[in-house]
2 protein chains.
Amino acid sequence: MSAVLKETKTSDRASRLEKAEQLVGTKGKFVPAQMASSLLEVILRPGDRVCLEGNNQKQADFLVNALLSVNPEIINNLHLLQSTICLQEHLDLFRKGIASHIDFAFSGPQAKELATMLLKDEISIGAIHTYLELFGRYFTDLTPKVSLVAAELADPDGNLYTGPHTEETPTIVEATAFKQGLVVVQVAKVCKALPRVDIPGDWVDFVIETGQPPLSIPLFTRDPSSITDKQILMGMMVIKGIYAHYGVQSLNHGIGSATAAIELLLPTYGYALGLKGKVCTHWILNPHPTIIPAIETGWVKSIHSFGSEPGMEEYVRARSDVFFTGHDGSLRSNRLISQVAGLYAVDAFTGATLQIDEFGNSSTTTRDRIAGFGGAPNLGSNPKGRRYTSPSFRKAGEEDPLSSKQIGGLPRGRKLVIQITPTRSEKRDISVFRKELDAVALWREDYFSQPPIMVYGDEITHIVTEVGIAHVHRCSCLDERKAAIRAIAGETELGAEEKFDETCELRRRGIVQFPSDIGIQEGTVDRSLLSARSFEDLVQWSGGYYKPPRLTKRKK
Amino acid sequence: MSAVLKETKTSDRASRLEKAEQLVGTKGKFVPAQMASSLLEVILRPGDRVCLEGNNQKQADFLVNALLSVNPEIINNLHLLQSTICLQEHLDLFRKGIASHIDFAFSGPQAKELATMLLKDEISIGAIHTYLELFGRYFTDLTPKVSLVAAELADPDGNLYTGPHTEETPTIVEATAFKQGLVVVQVAKVCKALPRVDIPGDWVDFVIETGQPPLSIPLFTRDPSSITDKQILMGMMVIKGIYAHYGVQSLNHGIGSATAAIELLLPTYGYALGLKGKVCTHWILNPHPTIIPAIETGWVKSIHSFGSEPGMEEYVRARSDVFFTGHDGSLRSNRLISQVAGLYAVDAFTGATLQIDEFGNSSTTTRDRIAGFGGAPNLGSNPKGRRYTSPSFRKAGEEDPLSSKQIGGLPRGRKLVIQITPTRSEKRDISVFRKELDAVALWREDYFSQPPIMVYGDEITHIVTEVGIAHVHRCSCLDERKAAIRAIAGETELGAEEKFDETCELRRRGIVQFPSDIGIQEGTVDRSLLSARSFEDLVQWSGGYYKPPRLTKRKK
């Protein structure tokens, strides 16, 4: 009965390792930097699935350049797996034919270029994932054959120290090492003893010492001095109208200046409302510099981070009561874990977007920018599998007339998913609210098999603009949701359709709230409410530990 | 402006370590087994949050006994965090007052006893979580102060080898070690060099050599000889009516004999249907012995596992093309990762339940058994945050008339969530289908803040009984869903309400399918369709690698 299966993965791995050994000339793991491209040429094969570490912050920048130098006649049509398309070089791999297909999650800095290449058919996209589904597929049907990752230090056994930028490196390495793949890591330095071990050496095949720490991008650094009055107003509405109303204890904030405003308003405006200790105590958050004043005034009990943020290293080390840190003192981040906690273990997600349609669907994929979503669809999702409750979860669930009806009138909780955005983009003065999302148009034009919507309208509980708050989860039908959205859409295509009587009725029922409805007079908005108004203020709050990075654009 | 915060966690940790050092007399990590209880008495404090490793399979059995021996006058009212309440000893901790409160996910073997204790107020339950939300909370608001975990081997630096039973040990240790907590591990043996490193030694504070590998429970071992004709019939319906219909490529199966039947039918019935290579290729699954024939006949490309299964160690080692294994050859399991992949990266989840109500809500929490849910609410959840598609995901989404309507008619995909159950429990002949779940009654009686429902009715796509398949996600309203459910509810309270005309109409529309509607004649159900009909058959299929464990009940 029993058949003999041929085991191929082990021998495939052995044959690649053998070629590498012939090249390097020893059996050791350590490969000189100048041989990096040659190594990749012997361990890669055309069409291989390759996980290239492009994270939100940390980049395997040396290895991407090594990969760019391989001979495309030998190595071509790679299928790249990558959390983030961050660098010009990531796209150059496609221009040279070394790679042809990509599955990814976020592409902020290269969003424009990616859109251009896609429209010109220069790149083939598998899908724009969220991190969790991409990581999940690494262990299901997209297991990498070779991974190219980055760490700070290695010891002679190949044990790795990632420092604060652990991010998804352990997840990538686990998927590859335990399915007979090959793991190549760039490190700044090989040293005798590590401050701590983040990844065991026997999971790693090749270590390349580059003399330079991996490039790290300050993606979550927001300058307090550039926060606008509109953002302050919206921040006040979120704190008073939502966080206080529900008693939001655990939460995640996305990237963006509006959420930075909320963080800076907690010690001042939030304190005046008597909220200290009652809301915003447990966070799933990168080390945002703008969270420093809230930490220093004792609001924050715990923060777990997806990744680190340049300049925050010493401050985090000084606040190990709040952050997750190793015995060496530095941050231990972990994107997989933070995404899981941000999905399942928090009361609220608050984030920004680029476009919202009349149903409340939102997306950051626009005709001229394919930014991907990062964690937003996941963090901004109401996890119906969640089974423990919290006061906020219960209250939001009780307010939702549709969800309970679907299960025979039984109660169930709901996570708050808050989209915060001005009605028109402040930088580019273009409308955020529109009849149809570009994402939908791109799908109609066949660029995607489903519209690349970031957060669906029925997943959102609140949309907050400078006009007011729409409590969309309280609407009893889709038409009511549409009316609530246009009531706060301001001077946009959608806002123009607002009906005065309808909005009055929604305000009367508390489904729409203008600032004055929750006791915020627009005239009272004042920059002095920000607990820090500049980087200098943040440095001072931090006791000198925070070192703001230079926010100049990186040249190639 | 800047305040000086007092950092307390580091000094708290230092003071506990100092007491331990005084006790043990050295600065080393290694504590003699006979001092285990004394160690716990000095590093624990009343009310501490303690993560005690009770996994699905692996148990920190030595450490739970050490904890049972502490003086309850000194150590009491601990808040236990535990994936699984598996052992009698886990509940004894509450009887002795050492622990008073628990947050957990699964309690299969102790379900009956737990229900009794809850009704007698002898235990206080925070919540019945799924694994992912419990793990998420370890990094949010339920960070453990002390963790008591289990591994197979340690080296002199405290590096740990978990062997195939990695399960959630790395996740627990990460949550504790990086928030200034203390990690205590029991190992069978300390040896000079490990087969591989699963957890770095500098994450571990104390190692106790016990001479015995941690207890491991064969939770996923199903005896093919006990599979019933009903289970074979239901298995055939799932393969032909669902897996073939949608082209299900990636999937997870729960515990239970009905899903074991599906696994055993693939090489025979599935092969005859021409499905080999087209369905069931990528799995998120523990190493179920009943998956062996499908592997040996080349159906299975990949399996990632939550945990291991006793007896499967050597077989897994011989099939590293399929399973995730280390360079030492043994399985690397990881519950956090498997749960993430099972939520976000698969087409289908198929699992069993104990009760289903008229709306399709299901639960394994009954009046006399509080079994918890394990991963089911998570794995059996339609992840609305998922953004990549597959043929199955798209097709299931297209069939769902309600979901698309909520977002303005745009397409979105859907995961298949299949509940497979006889209409009446075969062992106990009690009704599975009923007007009200015990879970709802227990909530009405105030034992829970929300009804402990396992999978909500609107999350399920299919219910399969011996009567037929109800495609509940295709129903256009709740009343139609109720009609589809009672059409397949057989001789139960709900089945008695079936209306003949209504069922005929649902069958005509394909929303309800009886076996004959999909070309399965009940007379053709035959045990010879099972590719293995006994443990001996499985051993033979495995080429002698599989060693069935003794399935006797464990005595204390």
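What comes next concerns the included structure.

In this section: the overall build of chain A. The helix and strand inventory of chain A stands at 19 helices and 24 strands. For 556 residues, the compact-globule formula gives about 24 Å, and the C-alpha radius of gyration of chain A, at 24 Å, lands near that figure. Burial statistics for chain A: of 556 residues in total, 67% are counted as buried. For chain A, contacts bridging at least 24 residues in sequence account for 74% of all contacts bridging at least 6. Carbon and sulfur atoms provide 50% of the accessible area of chain A, an area that totals close to 17700 Å².

A word on the relation of the copies chain A and chain B. Overlaying chain A on chain B yields an RMSD of 0.0 Å, the required transformation being a rotation through 180° with an accompanying axial translation of 0.0 Å. The two molecules are tied by a two-fold rotation axis, judged by turn and shift. Proximity to the rotation axis, assessed at the C-alpha, singles out P200 of chain A in chain A; its C-alpha lies 3.1 Å from the axis. Of all interface residues in chain A, 100% are interface residues in chain B too; the two copies therefore contact each other through one and the same surface.

What follows deals with the packing of aromatic side chains. All chains considered together, the criterion is met by eight aromatic pairs over all chains. Ring centres of F324 of chain A and F139 of chain B lie 5.6 Å apart, and the angle between their planes is 35°; this geometry places the pair in the tilted category. With F324 of chain A in the loop between α11 (313-318) and α12 (335-344) and F139 of chain B in the loop between α6 (131-138) and β7 (146-150), this residue pair bridges two chains. With relative accessibility at 1%, the residue F324 of chain A sits in the buried group. Ring geometry for F135 of chain B against Y138 of chain B: centres 6.1 Å apart, planes inclined by 50°, an arrangement best described as tilted. On the criterion of helical spacing, the pair formed by F135 of chain B and Y138 of chain B is a turn pair, its members being three residues apart in helix α6. The pair F135 of chain B / Y138 of chain B is uniform in exposure class, with both members buried. These aromatic residues form a ring-pair network of at least three members: Y131, F135 and Y138 of chain A. The ring of Y388 of chain A carries the charged tip of R137 of chain B above its face, separated from the ring centre by 4.1 Å.

Moving on to the pairing of strand β2 (residues 49-52) of chain B. Residues and elements named next belong to chain B. Relative to strand β4 (residues 78-84), β2 is paired through three bridges, and the arrangement is parallel. Counted as the bridge partner of V50 is L80 from β4. Two elements, β2 and β7, share three bridges in a ladder whose sense is parallel. Across the sheet, residue C51 finds its bridge partner in β7, namely S147.

Moving on: the pairing of strand β13 (residues 250-253) of chain A. Residues and elements named next belong to chain A. Every second residue of β13 is oriented toward a common face, with S250 and N252 on one face and L251 and H253 on the other, all of them buried. The sheet contact formed by β13 and strand β14 (residues 282-284) spans two bridges and is parallel. Within β14, the residue paired with S250 across the bridge is H282. Handedness of the β13-helix α9 (residues 257-272)-β14 crossover: right-handed. The sheet contact formed by β13 and strand β16 (residues 348-351) spans three bridges and is parallel. Of the residues in β16, the one forming a bridge with L251 is A348.

Definitions and limits used
- Residues numbered from 1 in each chain as written.
- Chains lettered and ligands numbered in written order.
- Predicted model: local features only at pLDDT ≥ 70, side-chain atom pairs only at ≥ 80, totals over all residues.
- Heavy atoms only, no water.
- Helix = DSSP H or I, 4+ residues; strand = E, 2+ residues; numbered from the N terminus.
- Rg over C-alpha atoms; globule rule 2.2 N^0.38 Å.
- Buried < 20%, exposed > 50% of the residue type's maximum accessible area, 1.4 Å probe, protein only.
- Contact = heavy atoms within 4.5 Å.
- Areas by Shrake-Rupley, 256 points an atom, 1.4 Å probe, with all protein chains shown as cover.
- Least-squares fit on C-alpha atoms with pLDDT ≥ 70 in both.
- Phe/Tyr/Trp six-rings, centres within 6.5 Å; stacked < 30°, edge-to-face > 60°.
- Lys NZ or Arg CZ within 6 Å of the ring centre and 35° of its normal.
- Pairing = 2+ DSSP bridges.
- Right-handed = clockwise from strand over helix to strand, strands pointing away.

As far as function goes, none of this settles anything; it's purely spatial.
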